[in-house]
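Structural features, examined
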Amino acid sequence: MASIGEYAFAGCQKLTEVVIPDSVTSIGKSAFHWCDNLTKVVLPAGITEVPEAMFCFDYKLTEAVIPETVTHISRFAFAHCISLESVNLPKSLYSIEQYAFYDCPNLKGMNLPENLNIIEDRAFSGCRSISEIVIPKSCQSIGDYAFLDCNSLNTLTLNGEHT
């Protein structure tokens, strides 16, 4: 299998775990959108982006394994994943689009990689459990409201400077 189309498994209410083979190099937007019982997903090493709204509204998603080949997380990719607690972002990650992790209130662990260049508007808005963020020196742009309502944020490091 080489590709998974748009909305291919959207709304599959009984789906709990997904392991996508490395042969998959293309995944359409919203492929696993609104899978209420999905708790874990392992993405294939063949992809370079997490597509738009791929896991949007997957309320029980707690674990997402993102391969080192991913350079881009698209808008709404993990929006409203209210059970998501941590994500290991790949070192290759270059950009995080708008609303990518919007309203993930239990997201605590967030390790922004050294290659990250762009954090778009509202990328982490509503992530109320994030307490510490280190913005790497490589980051050239942080969008409007990128960390709005990150109420637990108490330590911010910008370009190696603790604030």
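Up top you'll find the structure we're talking about.
This section reports on the structure supplied with the text. (Residues numbered from 1 in each chain as written. Predicted model: local features only at pLDDT ≥ 70, side-chain atom pairs only at ≥ 80, totals over all residues. Heavy atoms only, no water.)

**Topic: the side chain of Glu-97**
Tracing the backbone shows Glu-97 in the loop between strand 9 (95-96) and strand 10 (109-110). Buried within the structure, Glu-97 lacks any salt-bridge partner; Arg-75 is the closest side chain of opposite charge, at an N-O distance of 4.8 Å. Non-local contacts of Glu-97, meaning those with residues more than four positions away in its chain, are made with His-72, Ile-73, Ser-74, Arg-75, Glu-120 and Ala-123. (Helix = DSSP H or I, 4+ residues; strand = E, 2+ residues; numbered from the N terminus. Buried < 20%, exposed > 50% of the residue type's maximum accessible area, 1.4 Å probe, protein only. Lys, Arg positive; Asp, Glu negative; His and termini not counted. Salt bridge = Lys/Arg side-chain N within 4 Å of Asp/Glu carboxyl O. Contact = heavy atoms within 4.5 Å.)

**Considering the packing of aromatic side chains**
The description of an aromatic ring pair rests on the distance of the ring centres and on the angle between the ring planes. Tallying each qualifying case throughout the model produces ten aromatic pairs. Seen from their ring centres, Phe-32 and Phe-55 are 6.1 Å apart, and the 15 degrees between their planes marks the pair as stacked. Here Phe-55 lies in the loop between strand 5 (49-50) and strand 6 (63-65) and Phe-32 lies in the loop between strand 3 (26-27) and strand 4 (40-42), a separation of 23 residues in the sequence. An identical accessibility class is assigned to Phe-32 and Phe-55; each is buried. Feature note: the residues Phe-9, Phe-32, Phe-55, Phe-78, Phe-101, Phe-124 and Phe-147 constitute an aromatic cluster, connected by ring pairs. Over the face of the ring belonging to Tyr-145 we find Arg-122, whose NZ or CZ atom lies 4.6 Å from the ring centre. (Phe/Tyr/Trp six-rings, centres within 6.5 Å; stacked < 30°, edge-to-face > 60°. Lys NZ or Arg CZ within 6 Å of the ring centre and 35° of its normal.)

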